[in-house]
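# Residue-level structure breakdown
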Amino acid sequence: MTQRTGKRAVLVAANQPLEIWERPVADPGPGEVLARLTHGGVCGTDVHFWRGEVPLPGPVVLGHEGVAVIEMLGAGVSTDYAGTPVAVGDRVYWQPVAPCQRCYACTVLGDVSMCENAFAGVFGNADGPTTASYCDYATLRAGLPFYRVPDDTPSDAVIALGCALPTMLQGLERLGGIRPGMSVVVQGCGPVGLAATLLAHLSGAAPLVVIGAPARRLAVAQQFGATHTLNVEDLPDPAARAARVRQITGGHGADVVIEAAGVLPAFAEGLQLIARGGRYLIVGLWSAPGTVAVEPRMINNLNLRIIGTALSQPRHLYQALQVVQAHHRRFPLAAAVTHRYRIEDSQQALEAVARLETVKAVIAPAT
Ligand SMILES: [Zn+2]
Ligand SMILES: [Zn+2]
């Protein structure tokens with residue numbers, strides 16, 4: 001038994017500063033992997049957890065986006081969850097959401113992103129082994145899918161879009177894809193909006209309009225393929241934005257609108273941006289409770305389709321790695337990691353993300 005300890009950033013109660021706990025780190029058990037974190041992605045959802053907008057039974061270790069180096073393999077582990085051989089020193093990518101394979105969603109619907117028990121293990125005991133990512137060591141327990149990061153793929157590029165990339169990959173799957181030449185509007189330019197922009201661009205969307213702020217993130221959206229950006233700070237009137245979208249799309253509106261703004265008014269605005277027969281993918285409203293006034297007959301009369309999507313499935317994690325491996329040289333993915341923090345400074349990381357100062361912030365224990 002190796003003697004190890006590791007730090008972890010713990011959310012004890014909403015709106016309280018994160019606490020740094022040092023705990024012993026045990027060797028991995030059978031089927032488990034012990035991994036040393038290099039990148040814990042800081043996600044907007046973590047800010048919602050911290051503010052108590054999505055209540056968590058605390059205390060919990062924060063972080064659900066991780067890249068780490070394998071420190072020890074438990075008995076019986078020789079490959080990742082796609083059959084790729086793994087060894088000590090390899091980098092792995094995972095999300096701490098393990099499908100239970102024993103619920104209606106997992107076994108009858110066959111869609112583990114809707115698993116009723118997926119979160120049970122994530123928000124478990126903050127004292128024991130953790131699969132979270134604001135920490136020195138993660139213990140990837142048996143049954144938690146993880147994938148080896150290809151050697152030619154930088155960790156920064158993998159973490160840059162965090163959980164947003166697999167989430168959007170599932171979103172596009174549910175949407176039914178985007179044909180080359182289709183007009184697309186993306187509402188929002190945080191990591192979810194940027195992932196939507198990149199994937200829409202790779203699908204051949206044109207024009208590809210991104211609505212959001214601040215300018216720094218819109219500049220990244222342009223690098224990821226946006227043909228037009230509308231800064232909501234310069235153009236605060238939704239009606240003016242809708243008029244601009246009509247103009248850009250030849251008067252029709254967009255064939256596809258992707259909501260990645262995470263704020264309620266975006267939904268009503270999005271309905272004003274869609275073309276007849278268009279589709280509206282809702283990705284960002286997961287942690288935005290509330291109601292909004294809309295005119296439902298628009299859905300009827302314009303033959304609209306509104307599609308929701310939440311979280312992702314293991315195949316989308318794997319596909320995210322494929323997208324990053326194939327395209328990280330062409331698009332400045334790694335450069336989207338703009339802020340790095342020690343575990344001790346996790347609180348500052350959350351606050352910087354809350355102030356929208358970052359494109360992507362990571363907890364980087366090794367630095
Ligand atoms: Zn996330
Ligand atoms: Zn399940």
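Just so we're clear, the structure is a prediction, and the values are computed from it rather than from any experiment. (Residues numbered from 1 in each chain as written. Chains lettered and ligands numbered in written order. Predicted model: local features only at pLDDT ≥ 70, side-chain atom pairs only at ≥ 80, totals over all residues. Heavy atoms only, no water.)

The next thing to look at is the overall build of the protein chain. Scanning the protein chain from N- to C-terminus turns up 11 helices and 16 strands. Since a compact globule built from 367 residues should have a radius of gyration of about 21 Å, the 20 Å found for the protein chain is in line with a globular shape. A buried classification covers 55% of the 367 residues belonging to the protein chain. Look at the contacts in the protein chain between residues 6 or more apart in sequence, and 71% of them connect residues 24 or more apart. (Helix = DSSP H or I, 4+ residues; strand = E, 2+ residues; numbered from the N terminus. Rg over C-alpha atoms; globule rule 2.2 N^0.38 Å. Buried < 20%, exposed > 50% of the residue type's maximum accessible area, 1.4 Å probe, protein only. Contact = heavy atoms within 4.5 Å.)

One pass over the structure, following the stated rule, counts 4 aromatic pairs. Taking 6.5 Å as the distance between ring centres and 90° as the angle between the ring planes, the aromatic pair formed by Phe224 and Phe331 counts as edge-to-face. Note that Phe224 is positioned in the loop between helix 6 (215-223) and strand 11 (228-231) and Phe331 in the loop between helix 10 (314-327) and strand 15 (337-341), a separation of 107 residues in sequence. Residue Phe224 shares its accessibility class with Phe331, and that shared class is buried. Ring geometry for Phe267 against Tyr280: centres 5.7 Å apart, planes inclined by 15°, an arrangement best described as stacked. Taken together, the positions of Phe267 in helix 8 (residues 265-271) and Tyr280 in strand 13 (residues 274-282) put the pair 13 residues apart, joining distant regions of the chain. With respect to class, Phe267 is no different from Tyr280; both count as buried. (Phe/Tyr/Trp six-rings, centres within 6.5 Å; stacked < 30°, edge-to-face > 60°.)

A few words on the pairing of strand 11. Each regular strand carries side chains that alternate between the two faces of the sheet. Both strand 10 (residues 208-212) and strand 11 contribute to a ladder of 4 bridges, which runs parallel. Residue pairing across strands places Ile211 opposite Leu230, the latter belonging to strand 11. Crossover handedness for the path strand 10 to helix 6 to strand 11: right-handed. (Pairing = 2+ DSSP bridges. Right-handed = clockwise from strand over helix to strand, strands pointing away.)

The next point concerns the coordination of the zinc ion (ligand 2). Those donors, Cys100 (SG), Cys103 (SG), Cys106 (SG) and Cys115 (SG), are the protein atoms that reach the zinc ion (ligand 2), and they lie 2.3 to 2.4 Å from it. Geometry at the zinc ion (ligand 2) is tetrahedral, judged from the 4 donor atoms that bind it and their angles of 102 to 121° at the metal. Counting residues between consecutive donors of the zinc ion (ligand 2) along the chain gives the motif C-x2-C-x2-C-x8-C. Of this pair, Cys103 sits in the loop between strand 6 (91-94) and helix 2 (104-109) while Cys115 sits in the loop between helix 2 and strand 7 (137-140); the two residues are 12 residues apart in sequence, bridging distant segments of the chain. Relative accessible area serves as the criterion here: at 8%, Cys103 is assigned to the buried category. (Donors = N, O, S within 2.8 Å, 3.2 Å for Na, K, Ca; no water. Tetrahedral: all angles 85-135°; square planar, octahedral: opposite > 155°, others 65-115°.)

Once that is clear, we can look at the domain arrangement of the protein chain. By a widely used convention, the size of an interface equals the accessible area lost when the partners come together. The domains assigned to the protein chain are domain 1 (5-160 + 333-363) and domain 2 (165-308). Relative placement of domain 1 and domain 2: their C-alpha centres are 29 Å apart. Counting residues at the interface gives 17 residues for domain 1 and 13 residues for domain 2. Here domain 1 and domain 2 share an interface that buries about 1200 Å² over both sides, 60% of which is from carbon and sulfur atoms. When the area that domain 1 buries against domain 2 is broken down by residue, the three leading residues are Leu333, Leu356 and Val359, summing to 36%. Put simply, domain 1 and domain 2 have 1 salt bridge between them. Between Arg174 and Asp111 there is a salt bridge whose closest N-O contact spans 3.0 Å. Counting every contact that joins domain 1 to domain 2 gives 6 residue pairs in polar contact (both at pLDDT 80 or more). With 3 residues, the top contributor of residues to the side of domain 1 that touches domain 2 is helix 1 (residues 44-51). Considered class by class, the residues forming the side of domain 1 that touches domain 2 number 7 nonpolar, 7 polar and 3 charged. (Domains from an automatic or database assignment. Buried area = accessible area lost by both parts, 1.4 Å probe. Salt bridge = Lys/Arg side-chain N within 4 Å of Asp/Glu carboxyl O. Polar contact = N/O pair within 3.5 Å; in protein donor to acceptor, adjacent residues only side chain to side chain. Nonpolar A, V, L, I, M, F, W, Y, C, P; charged D, E, K, R; others polar.)

Moving on to the coordination of the zinc ion (ligand 1). Those donors, Cys43 (SG), His64 (NE2), Glu65 (OE) and Cys163 (SG), are the protein atoms that reach the zinc ion (ligand 1), and they lie 2.0 to 2.7 Å from it. When the donor residues of the zinc ion (ligand 1) are listed from N- to C-terminus, their spacing reads C-x20-H-E-x97-C. Of this pair, Glu65 sits in the loop between strand 4 (60-61) and strand 5 (66-73) while Cys163 sits in the loop between helix 3 (155-159) and helix 4 (164-175), placing them 98 residues apart in sequence. Accessibility assignment for this pair places Glu65 and Cys163 in one class, buried.

Further remarks concern the nonpolar core. Counting residues in each nonpolar core, the largest one holds 51 residues, and the members touching the most others are Leu165, Met168, Val184 and Ile258. The set of elements that each furnish at least two residues to this core consists of helix 3, helix 4, strand 9 (184-187), helix 5 (191-202), strand 10, helix 6, strand 12 (254-259) and helix 10. Structurally, this core is a two-domain feature, drawing no fewer than three residues from each of domain 1 (5-160 + 333-363) and domain 2 (165-308). In this structure Ile258 touches Met168, Leu172, Val184, Val185, Val186, Gln187, Ala196, Tyr280, Leu281 and Val283, once residues within four positions along its chain are discounted. (Core = buried A, V, L, I, M, F, W, Y, C linked by side-chain atoms within 4.5 Å.)

Okay, the packing of helix 4 against helix 10 next. At a minimum axis distance of 8 Å, the contact between helix 4 and helix 10 shows a crossing angle of 105°. Judged by the angle between their axes, helix 4 and helix 10 are roughly perpendicular. Contacts between helix 4 and helix 10 involve Leu165, Pro166, Leu169, Gln170 and Glu173 from the first element and Arg315, His316, Leu317, Gln319, Ala320, Val323 and Val324 from the second. Of the residues in the contact of helix 4 with helix 10, the class split is 7 nonpolar, 3 polar and 2 charged. (Axes fitted to C-alpha atoms, helices over the stretch in contact; angles between N-to-C directions. Parallel < 35°, antiparallel > 145°, perpendicular 65-115°, else oblique.)

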